[in-house]
Amino acid sequence: MIRYLALCASLALSVAPGFAQVPASAPPAPAGAAPPAAVSPAPASPRAWESLSPEQKQVLQGYQGNWNSLPAERQQALAKGSQRWLSMTPQQRAGAQQRFNQWRAMPPEQRQLVRQRWQEFKSLPPERQREVRESFNRFRQMPPERRQQLRQQWRQMTPEQRHRAVQGGRAPPGGHAAPPPHHPPR
């Protein structure tokens with residue numbers, strides 16, 4: 001279970017970078033979305049303000065005055081983010097806004113750590129990313145008391161114990177072994 005917590009913590013912290021580059025006036029990206037700076041490896045071409053839909057213009061109205069001075073990559077990322085925002089349900093928007101507010105409340109050091117973990121997650125093979133997401137979803141479905149218990153166990157572990165738990169599901173400090181993983185550790 002500690003192994004799952006470790007994987008879940010990494011994924012949980014990885015969702016915030018999707019909001020890292022978006023100012024408060026822009027809509028946040030949904031959980032799991034790539035950070036706007038990493039939208040496309042190919043050079044982006046500038047996007048004319050007039051090419052945006054009326055709905056996108058409304059979402060991005062804070063950028064209207066300086067849209068043409070933004071880098072093309074930023075324009076593309078904002079346009080894509082506004083389209084995602086418009087496709088969200090009100091419930092999804094509320095969740096995204098809450099995560100964005102949590103991101104903005106983080107100290108800069110914590111944001112940097114989250115960005116680093118996001119990059120680490122994105123460097124994993126797709127199968128491993130899927131496993132981490134599944135573990136995160138299992139963690140989220142646990143009762144709050146169990147999640148809190150696992151968080152407390154995690155906080156009591158040394159960095160070495162945490163590493164071992166993530167790598168091989170070793171026992172936490174209390175001596176209670178994590179359940180065997182559903183797949184062989186990598």
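Read on for a plain summary of the structure. (Residues numbered from 1 in each chain as written. Predicted model: local features only at pLDDT ≥ 70, side-chain atom pairs only at ≥ 80, totals over all residues. Heavy atoms only, no water.)

Before going further, it helps to examine helix α5 (residues 108–123). Between the first and last C-alpha of α5 there are 23 Å, a value that for 16 residues agrees with the 22 Å anticipated at 1.5 Å per step. Every buried residue belonging to α5 is among Val114, Trp118 and Phe121, and all of these are buried. Taken down its axis, α5 places every buried residue within 65 degrees of arc, on the same side. Every exposed residue of α5 that faces more than 90 degrees away from the buried side is listed here: Pro108, Glu109 and Ser123. (Helix = DSSP H or I, 4+ residues; strand = E, 2+ residues; numbered from the N terminus. Expected span 1.5 Å × (residues − 1). Buried < 20%, exposed > 50% of the residue type's maximum accessible area, 1.4 Å probe, protein only. Arc of directions from axis to C-beta.)

Pairs may arise between side chains of opposite charge once their charged atoms sit close together. By the definition in use, this model includes four salt bridges. Here Arg130 and Glu127 are joined by a salt bridge, their closest N and O atoms 2.2 Å apart. Taken as a pair, Arg130 and Glu127 lie in helix α6 (residues 126–141) at a separation of three residues, close to a single helical turn. Residue class for Glu127 comes out partly exposed when judged on its relative accessible area of 36%. A salt bridge links Glu134 to Arg130; the nearest nitrogen and oxygen atoms lie 2.2 Å apart. Residue Glu134 and its partner Arg130 are both found in helix α6; the two are separated by four residues, about one turn of the helix. In this structure Glu134 comes out as partly exposed when scored by relative accessible area, which is 34%. (Salt bridge = Lys/Arg side-chain N within 4 Å of Asp/Glu carboxyl O.)

What follows concerns the nonpolar core. One finds Trp49, Leu52, Val59, Leu60, Tyr63, Trp67, Leu70, Leu78, Ala79, Trp85, Met88 and Ala96 forming the largest nonpolar core, which totals twelve residues. Ranked by residue count, the leading element in this core is helix α3 (residues 72–87), at three residues. (Core = buried A, V, L, I, M, F, W, Y, C linked by side-chain atoms within 4.5 Å.)

By the element assignment, Ala165 lies in helix α8 (residues 159–168). Ala165 gets classed as buried once you look at its relative accessible area, which sits at 0%. Taking the C-alpha atoms as reference, Ala165 lies 9.4 Å from Trp154; in sequence the two are eleven residues apart.

A separate point is the packing of aromatic side chains. Within this structure, the stated rule accounts for two aromatic pairs. Ring plane angle 65 degrees and centroid distance 5.4 Å describe the contact between Trp49 and Trp67, whose orientation is recorded as edge-to-face. With a gap of 18 residues between them, Trp49 in the loop between α1 (2–14) and α2 (54–59) and Trp67 in the loop between α2 and α3 connect regions that are remote in the sequence. Here Trp118 and Phe121 contribute two aromatic rings whose centre-to-centre distance is 6.0 Å and whose plane-to-plane angle is 35 degrees, an arrangement assigned as tilted. Residue Trp118 and its partner Phe121 are both found in helix α5; the two are separated by three residues, about one turn of the helix. Each member of the pair Trp118 and Phe121 is classed as buried. (Phe/Tyr/Trp six-rings, centres within 6.5 Å; stacked < 30°, edge-to-face > 60°.)

All right, on to the packing of α3 against helix α4 (residues 90–105) then. Across the interface, α3 lies against α4 with an axial gap of 8 Å and an inter-helix angle of 130 degrees. Put simply, α3 runs oblique to α4. Only Gln92, Arg93, Ala96 and Gln97 of α4 make contact with α3, whose side of the interface consists of Trp85, Leu86 and Ser87. Taken together, the residues of the contact of α3 with α4 break down into three nonpolar, three polar and one charged. (Axes fitted to C-alpha atoms, helices over the stretch in contact; angles between N-to-C directions. Parallel < 35°, antiparallel > 145°, perpendicular 65-115°, else oblique. Contact = heavy atoms within 4.5 Å. Nonpolar A, V, L, I, M, F, W, Y, C, P; charged D, E, K, R; others polar.)

Turning next to the packing of α4 against α5. The geometry of α4 relative to α5 is characterised by a closest axis approach of 8 Å and an angle of 120 degrees between their N-to-C directions. In terms of their interaxial angle, α4 and α5 are classed as oblique. Across from Trp103, Arg104 and Ala105 in α4, the residues of α5 making contact are Arg111, Val114 and Arg115. Among the residues making up the contact of α4 with α5, the classes are represented as three nonpolar, no polar and three charged.

By themselves, these observations are geometric and do not establish any function.
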